[in-house]
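Architecture at a glance
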Amino acid sequence: MGKDVIVACDFASKEQTLAFLDKFQDVKPYVKIGMELFYAEGPAIVNEIKARGHKIFLDLKLHDIPNTVKKAMSVLSHLNVDMCNLHAGGTINMMKAALEGLTREDGTRPLLIAVTQLTSTDQESMERDLLIREPIDKVVEHYALNAKRAGLDGVVCSPLESKKVHSACGNDFLTVTPGVRFAGGEKGDQKRVMTPSEAREIGSDYIVMGRPITAAEDPVSAYKEAVRQFVGE
Ligand code: C5P
């Protein structure tokens, strides 16, 4: 499975997103479209970016009853995205239903990965609000194993959790890791960060980088530097 750098296009409109992507002429980065942009612009933005030659990770984090998620995934499968995701907290049955919905008639489907516990959830809020009393790293590992049992391709996790997930679920189970920063760069609101080279060393399969590329003075150079460090090209 090829390693890649995914650029989080956390923009509020089509105009801003396309103006950003226009800067990339000779390279076409893998793009992450999140809820903000998708809810603002709808499926048309996916088609437009896809038509420009980008791969797309549609980050909508589905979580509902299995039947609803299955039907929603079936709609997404026709959008021709390359990767999409859901919350592992929806249970193994929900994840299995999602895979069924996502699989097209010809047997092909986008990659499907799970969010374990959000990185905004800490031990204290998990115990207090969700009544989950196990250590959070055990919970992340357990949810990753559930995703694997359901047949999913991997999880979104902190780069610090990549090794643990790979040793529990196998090296071919994908880890997609945000929280990546260039050495000496602004951390923003990310607390625990790694550089692209470190993420490569610990075995992340994909890194997701937003502001270090989108807010860079020269986004194309920043992207190429991330690829050089992470993929080694
Ligand atoms: O700008 P930055 O590099 O922090 O962007 C990281 C991207 O990854 C954002 O789109 C953010 O929503 C997403 N993400 C994250 N942490 C998670 C899950 C997703 O930062 N645990």
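Note: the structure precedes this text.
This write-up is about the structure you can find in this document. (Residues numbered from 1 in each chain as written. Predicted model: local features only at pLDDT ≥ 70, side-chain atom pairs only at ≥ 80, totals over all residues. Heavy atoms only, no water.)

1. Observations concerning the pattern of salt bridges
Summed over the entire model, instances satisfying the criterion amount to 13 salt bridges. The closest approach of N and O atoms between Asp-82 and Lys-50, which form a salt bridge, is 2.7 Å. Residue Asp-82 is found in the loop between α4 (66–77) and β4 (83–87), and its partner Lys-50 is found in helix α3 (residues 43–51); the two are separated by 32 residues along the sequence. According to the relative accessible area criterion, Lys-50 is partly exposed, its value standing at 23%. Among the ionic contacts, a cluster of salt bridges with common partners joins Lys-32, Asp-59 and Lys-61. (Salt bridge = Lys/Arg side-chain N within 4 Å of Asp/Glu carboxyl O. Helix = DSSP H or I, 4+ residues; strand = E, 2+ residues; numbered from the N terminus. Buried < 20%, exposed > 50% of the residue type's maximum accessible area, 1.4 Å probe, protein only.)

2. Brief notes about the packing of helix α7 (residues 136–150) against helix α8 (residues 162–169)
Running from amino to carboxyl end, α7 crosses α8 at an angle of 45 degrees, the nearest separation of the two axes being 10 Å. Compared by their axis directions, α7 and α8 come out oblique. Considering the relative orientation of α7 and α8, their crossing is right-handed. Between α7 and α8, the residues in contact are Asp-137, Glu-141, Ala-144, Leu-145 and Lys-148 and Lys-164, Val-165, Ala-168 and Cys-169, respectively. Its residues assigned to classes, the contact of α7 with α8 shows five nonpolar, no polar and four charged. (Axes fitted to C-alpha atoms, helices over the stretch in contact; angles between N-to-C directions. Parallel < 35°, antiparallel > 145°, perpendicular 65-115°, else oblique. Left-handed = near helix turned anticlockwise from the far one by under 90°. Contact = heavy atoms within 4.5 Å. Nonpolar A, V, L, I, M, F, W, Y, C, P; charged D, E, K, R; others polar.)

3. Quick word on the side chain of Thr-121
Position of Thr-121 among the secondary structure elements: in the loop between β5 (111–115) and α6 (123–130). Residue class for Thr-121 comes out buried when judged on its relative accessible area of 18%.

4. Notes on helix α1 (residues 14–21)
Among all positions in α1, only Thr-17, Leu-18, Phe-20 and Leu-21 are buried. Axial view of α1: buried residues confined to an arc of 155 degrees, hence all on one face. Structurally, α1 contributes buried residues whose contacts are with β1 (4–8), β2 (30–34), α2 (35–41), α3, α10 (211–214) and α11 (219–230). (Arc of directions from axis to C-beta.)

5. Details of the sheet that holds strand β6 (residues 154–156)
Here eight strands make up a closed barrel; going around it, the order is β1-β2-β3-β4-β5-β6-β7-β8 and the pairing parallel. Averaged over neighbouring strand pairs, the angle between their axes works out to 25 degrees when direction is ignored. On the sheet, α3 packs against β2 and β3 (56–62) and is oriented at approximately 155 degrees with respect to β3. (Pairing = 2+ DSSP bridges.)

No statement about biological role is implied by the geometric values presented.
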